[in-house]
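# Reading the structure
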Amino acid sequence: KDIEEIDIDYIIINTTMYSYEEDLKVCTACKRINSKIITIAKGAIFFYDTLTVMKKYPDLDIAVSNEEEITIYELSLGKDLNDIKNITYRQDNNIIENPRYISHDLKLPIPEVRQINHKLYRRPDTNEVQATIVVGRGCPGRCIYCIAPIVGGRVLRYRMIDEIIDEIKLYHLSYSISNFYFSADTFTWDYKWVHDFCDAIRKLKFKISWLCTARADRLSSELLLDMKSVGCWGLSIGIESGNENIQKLIKKDLTKQIIIDTIRLCKRYKIVTL
């Protein structure tokens with residue numbers, strides 16, 4: 001009904017490894033109603049087997065991998081597809097794979113937050129409205145089960161702190177939001193960056209509460225105290241298993257003692273662990 005009633009140029013589908021077969025049926029539905037619609041999809045499957053997926057779903061015009069905010073923006077400008085990196089597309093009955101790249105500087109635009117129904121997104125303990133801000137991508141970890149290094153790279157790339165602070169101010173001043181989830185594949189890897197980020201939060205004229213992700217072996221008393229002093233209330237810690245043989249098999253590089261010591265440290269400073 002939406003496709004019939006709205007003048008649509010592009011349909012962009014965000015898909016996952018385990019839902020893409022169902023999700024990409026949307027492409028066929030679009031083409032059936034309006035064959036001129038350009039169908040675009042992004043998701044983890046396109047880091048794995050893009051050509052097979054493109055052959056199986058002939059109504060998918062363009063697959064995007066890496067730096068999707070920049071890549072999809074370039075598509076929206078109508079640039080020549082040959083000149084856009086990180087896409088696979090159709091041309092004269094052929095499937096063309098352009099070169100891929102990951103930028104060293106994580107330069108992301110501020111989201112169009114006016115389009116978000118903020119009431120849908122809630123802090124898990126108090127049910128207050130909470131906003132998610134992407135602060136970094138990529139992970140140096142060796143874990144064999146995780147797609148983060150494939151999708152985001154094996155080098156952790158943080159955004160510029162000033163840009164993150166601008167986004168925090170936008171949410172707070174425009175929507176009175178003071179609760180945040182700072183999204184990164186591993187937030188606390190670089191201690192200096194985290195301390196610098198805490199210093200920037202400290203200069204804000206309002207208080208915020210926030211949570212983030214962490215590896216159990218990338219936390220210290222000094223770091224936790226600094227984070228807590230500027231509103232950090234919770235850490236989502238990738239533990240995966242209490243079995244040391246499994247830890248070795250999955251190359252998580254954690255011992256049971258490191259995990260126990262880290263959780264005790266968080267408890268000492270009254271930081272919730274997830």
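These remarks concern the structure in this document.

The rules behind the values
Residues numbered from 1 in each chain as written. Predicted model: local features only at pLDDT ≥ 70, side-chain atom pairs only at ≥ 80, totals over all residues. Heavy atoms only, no water. Helix = DSSP H or I, 4+ residues; strand = E, 2+ residues; numbered from the N terminus. Buried < 20%, exposed > 50% of the residue type's maximum accessible area, 1.4 Å probe, protein only. Contact = heavy atoms within 4.5 Å. Areas by Shrake-Rupley, 256 points an atom, 1.4 Å probe, with all protein chains shown as cover. Pairing = 2+ DSSP bridges. Axes fitted to C-alpha atoms, helices over the stretch in contact; angles between N-to-C directions. Arc of directions from axis to C-beta. Salt bridge = Lys/Arg side-chain N within 4 Å of Asp/Glu carboxyl O. Core = buried A, V, L, I, M, F, W, Y, C linked by side-chain atoms within 4.5 Å.

## Quick look at the overall build of the protein
Helix and strand content of the protein: eleven helices and twelve strands. For the protein, the spread of C-alpha atoms along the principal axes amounts to about 60 × 50 × 30 Å. The 274 residues of the protein split such that 45% are buried. In the protein, the proportion of contacts linking residues at least 24 apart, taken out of those at least 6 apart, comes to 64%. A total accessible area of about 15400 Å² is found for the protein, and carbon and sulfur atoms account for 52% of it.

## Things to note about the sheet that holds strand β12 (residues 272–273)
Read across the sheet, five strands follow the order β6-β9-β10-β11-β12 without closing on themselves; strand pairing throughout is parallel. Each end of this open sheet is capped by a strand with a single partner; those strands are β6 (130–134) and β12. Relative to strand β10 (residues 209–214), strand β9 (residues 179–183) runs parallel, the two sharing four bridges. Along β10, the bridge assignment pairs Asn-179 with Ser-209. On top of the sheet, helix α9 (residues 221–229) reaches β10 and β11 (232–237); it is set at about 130° to β11, its chief contact. Each of β11 and β12 is contacted by helix α11 (residues 256–268), which is oriented at about 165° to β11, the strand it contacts most.

## Brief notes about α9
Looking only at α9, the buried set comprises Leu-223, Leu-224, Asp-226 and Met-227. Angularly, the buried residues of α9 cover 165° about the axis, an arc narrow enough to put them on a single face. Count one or two residues on from α9 and you reach Gly-231, which has phi positive near 105°.

## Quick word on the pattern of salt bridges
Side chains that differ in sign of charge can pair as their charged atoms come close. Throughout the structure, instances matching the rule amount to 20 salt bridges. Here Lys-25 and Glu-22 are joined by a salt bridge, their closest N and O atoms 3.2 Å apart. One salt bridge connects Lys-107 with Glu-163, and the closest N-O pair in it is separated by 2.5 Å. With Lys-107 in the loop between β5 (94–97) and β6 and Glu-163 in helix α7 (residues 161–175), the pair connects residues that are 56 residues apart, well separated along the chain.

## Brief notes about the nonpolar core
Ile-168, Phe-182, Phe-187, Trp-210 and Leu-235 are the most contacted members of the largest nonpolar core, which has 43 residues in total. When residues of this core are traced back to their parent elements, those giving at least two are β6, α7, β9, α8 (191–202), β10, α9, β11 and α11. Per-element accounting of this core gives the leading share, six residues, to α8. Ignoring anything within four residues of it in the chain, the contact list for Phe-182 reads Ile-133, Val-135, Ile-168, Phe-187, Phe-197, Ile-201, Ile-208, Trp-210, Leu-211, Cys-212 and Thr-213. Core analysis: the second largest hydrophobic core is formed by 17 residues, Ile-3, Ile-45, Val-53 and Tyr-57 among them.

## Looking at the environment of Ile-3
Mapped onto the secondary structure, Ile-3 falls in helix α1 (residues 2–5). Measuring from C-alpha to C-alpha, the distance between Ile-3 and His-104 comes to 38 Å, with 101 residues separating the pair along the chain. Apart from residues no more than four positions distant in its own chain, Ile-3 is found in contact with Ile-8, Cys-30, Ile-33 and Ile-37.

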